[in-house]
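Spelled out, the chains give:
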Amino acid sequence: MKALGEIGWRKAFRFGWTTLAMVPYRAALFPQLRAPWLRLLGAHIGRRTVVHGVRFFNLYRRGLPGLEIGDECFLGDECLFDLAEGIRLEAQVTLAERVLVLTHMNVGYQDHPLQAQFPAMAAPVVIEQGSFVGAAATLLPGIRIGARSFVAAGSVVTADVPAGTLVAGVPARVVRKVT
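(A) Main features of the pattern of salt bridges. Enumeration over the complete set of coordinates arrives at 5 salt bridges. As a salt-bridge pair, E72 and R48 come within 2.7 Å of each other at their nearest N and O atoms. Taken as a pair, E72 in the loop between β4 (67–69) and β5 (74–75) and R48 in the loop between β1 (44–45) and β2 (50–51) lie far apart in primary sequence, 24 residues in all. The exposure class of E72 is partly exposed, given its relative accessible area of 34%. Between E128 and R144 there is a salt bridge, with its nearest N and O atoms 2.8 Å apart. With E128 in the loop between β12 (125–127) and β13 (132–133) and R144 in strand β15 (residues 144–145), this residue pair connects regions lying 16 residues apart in the sequence. Among the residues examined, R144 registers a relative accessible area of 33% and is labelled partly exposed.

Below you can see the structure in the form of structure tokens.
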């Protein structure tokens, strides 16, 4: 009941509704059936975009209307999108398997002992046109991946990535320019 006290009945109802609304999405056997269902629930998804087994959380906050995916994108299996704030993928963005996109950070309930040192925050994530994000990479809240950039597998992106750049590591650092 503590969670209900913090989020309120309206968000609790929205959580329940969005959880039920996602059942057909999860049951869809083919990626071609997932994008139309997400569009129906308010997401903006471009033409010829492939959505494999992407999972979503915090749908009761910003939710699917905050999801914008451009034309000809590919989202691999087991990607996890935090929709506390918006996520925008421009055209021809590829996310390999298990990419984690976070848009918020919160250590716990409002009375958690670390709240004063680490206050809750939320910020949208943008991945610009023609970029690639490798398997098991993590993108933290508020970052922007520049156009035609490459994020190596397993990287943790803690800051903006300039356009045309290869980044790798934990935290991700510039390795070289992409020509």
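Resuming the write-up.
(B) Structural detail: helix α1 (residues 2–21). For α1, which comprises 20 residues, the first-to-last C-alpha distance of 25 Å sits more than 12% below the rise-based estimate of 28 Å (1.5 Å per residue). The largest bend along α1 measures about 105 degrees and falls at G8. Of all the positions in α1, only L4, T18 and A21 are classed as buried. In this structure, the buried side of α1 is in contact with α2 (23–27) and α3 (31–40).

Basis of the calculations
- Residues numbered from 1 in each chain as written.
- Predicted model: local features only at pLDDT ≥ 70, side-chain atom pairs only at ≥ 80, totals over all residues.
- Heavy atoms only, no water.
- Salt bridge = Lys/Arg side-chain N within 4 Å of Asp/Glu carboxyl O.
- Helix = DSSP H or I, 4+ residues; strand = E, 2+ residues; numbered from the N terminus.
- Buried < 20%, exposed > 50% of the residue type's maximum accessible area, 1.4 Å probe, protein only.
- Expected span 1.5 Å × (residues − 1).
- Bend = angle between axes of the 7 residues up to and from the residue.
- Contact = heavy atoms within 4.5 Å.

Such coordinate-based values are descriptive only and should not be taken to indicate function.
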